[in-house]
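Here is how the chains run, residue by residue.
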Amino acid sequence: MSTAATMKPSRRKGPISFLTLLAWSTSILFFLPIAWIIGTALKPKTTVLDIPPNFYSFRHFKIY
Amino acid sequence: MNILPTIWMLGLSFYDYTLTSSKGATFTGFSNYLDFVKNEQLSQSVSRTFVFLIIAIICQTFLGILIGVLFWKNDKMPGRRFALTLFFTPMVVTPIATALFWKLILDPTFGVMNYFLTSLGLSKVDFLTDSNLAFPTLIVVDTWMWTPFMALMTLAALGSVPKAELEAASVDKLPIHRQITTVIWPHAKFILMLGILLRSIDAFKTMDLTYIMTNGGPGDRTELIALSLYRFAFKSFKLGYASAVSVFLLFIAIALTAIYLHVLNARKKAEDQG
């Protein structure tokens, strides 16, 4: 192994820090409404307004 | 190209010109402006716009700085770029689409938000039709949409701080508040100020969110000045009056742009001195 390869900075190993978890949670929280709407866009029209919401209707997947 | 429509609008603001009226445009001097000043509903809409602007900008700046610092501190976190991409998505979605899907999410009957609230044993909430909740809901959606922009500006601002100065501060074991005030803030303040000003100019023109989500209602609780302007111009066809309101908006935008340019010049001066 060359010296350059051994000196390459690597990501910190070990348990995931609290700050990392917080950053990821924030990103997911901000993306959730968009994820929900993408999910709704993939549903068949008849199930879009189902109450309670149908979370798993991808078997009917169809592009309109 | 830019000046001509503005001059046309300025001229039109001195005329009584209604498209649906059989009489043509008649010169009325400053009467449109006087009507605008006297119109209580319109002044309420202006003050509401300022309240919206101030609360939204404060929330977005505060959250944006917190999240920006979080990602700045976590520069080696796994999947940082992907997390940032997810986080920045609300900012790049078309505001009309954002308004439409938030309207669907917050719908009292079909909305998923109320589904979760009832699942938790809480009662249903009419987020967009309750007179006390509609305005805060708009601020929350605007904050959701534009906090990533302020976080982006914070990341850019923090990126402008020279690493050597940060390292020197940590070698000297400066306490964190001293690091912020003496090392970070002098470099970061210009970009942050620009972010706040750009958001202020943009927030003052907010129309799409209110038009789609509440249409100014309930009553006129969420009627912002840009929406009133739209109504005057394209619902009542009062083009002279709408032009007078536009001129007022133009002056506010010019005032904010003047501050923006002042900050840019201040930065240039500071760089020249440094």
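Our structure is the block above this text.
Below you will find a few notes about this structure. Just so we're clear, the structure is a prediction, and the values are computed from it rather than from any experiment. (Residues numbered from 1 in each chain as written. Chains lettered and ligands numbered in written order. Predicted model: local features only at pLDDT ≥ 70, side-chain atom pairs only at ≥ 80, totals over all residues. Heavy atoms only, no water.)

Let's shift gears to the overall build of chain A. Of regular secondary structure, chain A possesses two helices and zero strands. Expressed as a percentage of its 64 residues, the buried residues of chain A come to 27%. With an accessible surface of roughly 5,000 Å², chain A has 70% of that area assigned to carbon and sulfur atoms. (Helix = DSSP H or I, 4+ residues; strand = E, 2+ residues; numbered from the N terminus. Buried < 20%, exposed > 50% of the residue type's maximum accessible area, 1.4 Å probe, protein only. Areas by Shrake-Rupley, 256 points an atom, 1.4 Å probe, with all protein chains shown as cover.)

In this section: the interface of chain B and chain A. The parts lose accessible area when they come together, and the size of an interface is often stated as this lost area. Across the contact, 28 residues belong to chain B and 22 residues belong to chain A. For the pair chain B and chain A, the two sides together bury roughly 2,400 Å², of which 82% comes from carbon and sulfur. Per-residue buried area on chain B facing chain A is highest for Leu70, Leu86 and Phe110 of chain B; these three make up 22% of the total on that side. Where chain B touches chain A, the interface holds zero salt bridges. Linking chain B with chain A are five residue pairs in polar contact (both at pLDDT 80 or more), by the criterion used here. With seven residues, helix α4 (residues 80-92) of chain B is the largest single contributor of residues to the side of chain B that touches chain A. Looking at the side of chain B that touches chain A, its residues break down into 22 nonpolar, five polar and one charged. (Contact = heavy atoms within 4.5 Å. Buried area = accessible area lost by both parts, 1.4 Å probe. Salt bridge = Lys/Arg side-chain N within 4 Å of Asp/Glu carboxyl O. Polar contact = N/O pair within 3.5 Å; in protein donor to acceptor, adjacent residues only side chain to side chain. Nonpolar A, V, L, I, M, F, W, Y, C, P; charged D, E, K, R; others polar.)

All names here are of chain B. Packing of helix α5 (residues 95-105) against helix α7 (residues 134-159) leaves a shortest axis separation of 11 Å and a crossing angle of 135 degrees. In terms of their interaxial angle, α5 and α7 are classed as oblique. For the pair α5 and α7, the sense of crossing is right-handed. Contacts between α5 and α7 pair Pro95, Thr98, Phe101 and Trp102 from the former with Val141, Trp144 and Met145 from the latter. In terms of residue class, the contact of α5 with α7 is made up of six nonpolar, one polar and no charged. (Axes fitted to C-alpha atoms, helices over the stretch in contact; angles between N-to-C directions. Parallel < 35°, antiparallel > 145°, perpendicular 65-115°, else oblique. Left-handed = near helix turned anticlockwise from the far one by under 90°.)

In this structure, Phe71, Phe101, Trp102 and Met213 of chain B are the most contacted members of the largest nonpolar core, which totals 54 residues. With 14 residues, α7 of chain B is the largest single contributor of residues to this core. Leaving out residues up to four positions away in the same chain, Phe101 of chain B has contacts with Pro33, Ile34 and Ile37 of chain A together with Val93 and Trp144 of chain B. With 22 residues, the next largest nonpolar core counts Ile201, Ala233, Val245 and Val263 of chain B among its residues. (Core = buried A, V, L, I, M, F, W, Y, C linked by side-chain atoms within 4.5 Å.)

Moving on, we get to the pattern of salt bridges. All names here are of chain B. Evaluation of the coordinates by the stated rule reveals five salt bridges over all chains. Between Lys23 and Asp16 there is a salt bridge whose closest N-O contact spans 3.7 Å. A salt bridge links Arg199 to Asp202; its shortest N-O distance comes to 3.0 Å. Of the two residues, Arg199 and Asp202 both sit in helix α9 (residues 176-204), three residues apart, roughly one turn of that helix. Residues joined in a network through salt bridges with shared partners are Asp142, Arg199 and Asp202.

Another aspect to go through is the environment of Arg80 of chain B. Residues and elements named next belong to chain B. Mapped onto the elements, Arg80 comes out in helix α4. Classification of Arg80 by relative accessible area gives partly exposed; the value is 22%. In this structure, the C-alpha to C-alpha distance between Arg80 and Thr26, residues 54 residues apart in sequence, is 61 Å. Residue contacts for Arg80: discarding those within four places in its chain leaves Phe71, Trp72, Asn74, Asp75 and Leu155.

Another point: unusual backbone geometry. Residues and elements named next belong to chain B. Backbone geometry places Lys173, a non-glycine residue, at a positive phi of 55 degrees. Looking at the element boundaries, Lys173 is found in the loop between α8 (163-171) and α9. Residue classification places Lys173 among the exposed residues on the basis of a relative accessible area of 70%. Positive phi outside glycine occurs at Phe237, with the angle close to 55 degrees. Secondary-structure assignment places Phe237 in the loop between α11 (225-234) and α12 (239-273). We classify Phe237 as partly exposed; its relative accessible area is 30%.

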